[in-house]
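Descriptive structure summary
What follows is the residue order along each chain.
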Amino acid sequence: MTNWRAVGVGSVLLVVIGVAGISVPAVGQLGAGLVGGFAAGYLAGGSPGRGAWHGLVAGSLAGLVVAVVVVFIGAAVGGALGALVGGFGTFVAISAVTLLLAAAAAVAGAGGGWTERRTT
């Protein structure tokens, strides 16, 4: 059963850090995935598998939001980010950001679930 509170907290962290991390494209998104996924996994607790699931769900939801923000900023600002988004296409840009956040969040969620399991 999915703990939606854990997913919500992880998603909010992912979105806030992910949007702030737009200035550092790969590292900012990866850091957001690790922090938000760990939080979701830790709050869900139970096992590494349960933590990974909650991190994956949080990363997927937040990845869509962050990707849409990246696309809109890229379209509005132009420049290198606009060329990147325009060159790859909106669908590919959204998919790449979502997959990056979801994968990092799932791995960190497993770590969060393992940590919470060890502390109880």
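Because the structure is predicted, anything quoted here is derived from the model rather than measured.

Looking at a nonpolar patch on the surface
Together, V9, L13, V35, F38, Y42 and L43 make up an exposed nonpolar region whose accessible area comes to about 430 Å². For the nonpolar patch, the secondary structure elements donating two or more residues are α1 (4-20) and α2 (25-44). By the secondary structure assignment, V35 is in helix α2.

As for the nonpolar core
With 14 residues, the main nonpolar core has L14, A58, V66, V97 and L101 as its most contacted residues. Of all elements in the fold, only α1, α2, α3 (48-77) and α5 (90-119) reach the threshold of two or more residues within this core. With 6 residues, the top contributor of residues to this core is α3. What A58 contacts, discounting residues up to four positions off in sequence, is V7, G10, S11, L14 and A40.

Considering the side chain of S11
Position of S11 relative to the elements: it lies in helix α1. In contact with S11, not counting residues within four places along its chain, are A58, L61 and A62.

Some details on the packing of aromatic side chains
Applying the stated criterion across every chain, the model contains 1 aromatic pair. When the ring of F38 is compared with that of Y42, the centres are 6.2 Å apart and the planes differ by 15 degrees; the resulting orientation is stacked. Highlighted residues: F38 and Y42, both in helix α2, separated by 4 residues, approximately one helical turn. Note on F38: relative accessible area 34%, which makes it partly exposed.

Conventions adopted
Residues numbered from 1 in each chain as written. Predicted model: local features only at pLDDT ≥ 70, side-chain atom pairs only at ≥ 80, totals over all residues. Heavy atoms only, no water. Patch = residues over 30% accessible without salt bridge, like charges linked within 9 Å, V, L, I, M, F, W, Y side chains within 5 Å. Areas by Shrake-Rupley, 256 points an atom, 1.4 Å probe, with all protein chains shown as cover. Salt bridge = Lys/Arg side-chain N within 4 Å of Asp/Glu carboxyl O. Helix = DSSP H or I, 4+ residues; strand = E, 2+ residues; numbered from the N terminus. Core = buried A, V, L, I, M, F, W, Y, C linked by side-chain atoms within 4.5 Å. Buried < 20%, exposed > 50% of the residue type's maximum accessible area, 1.4 Å probe, protein only. Contact = heavy atoms within 4.5 Å. Phe/Tyr/Trp six-rings, centres within 6.5 Å; stacked < 30°, edge-to-face > 60°.

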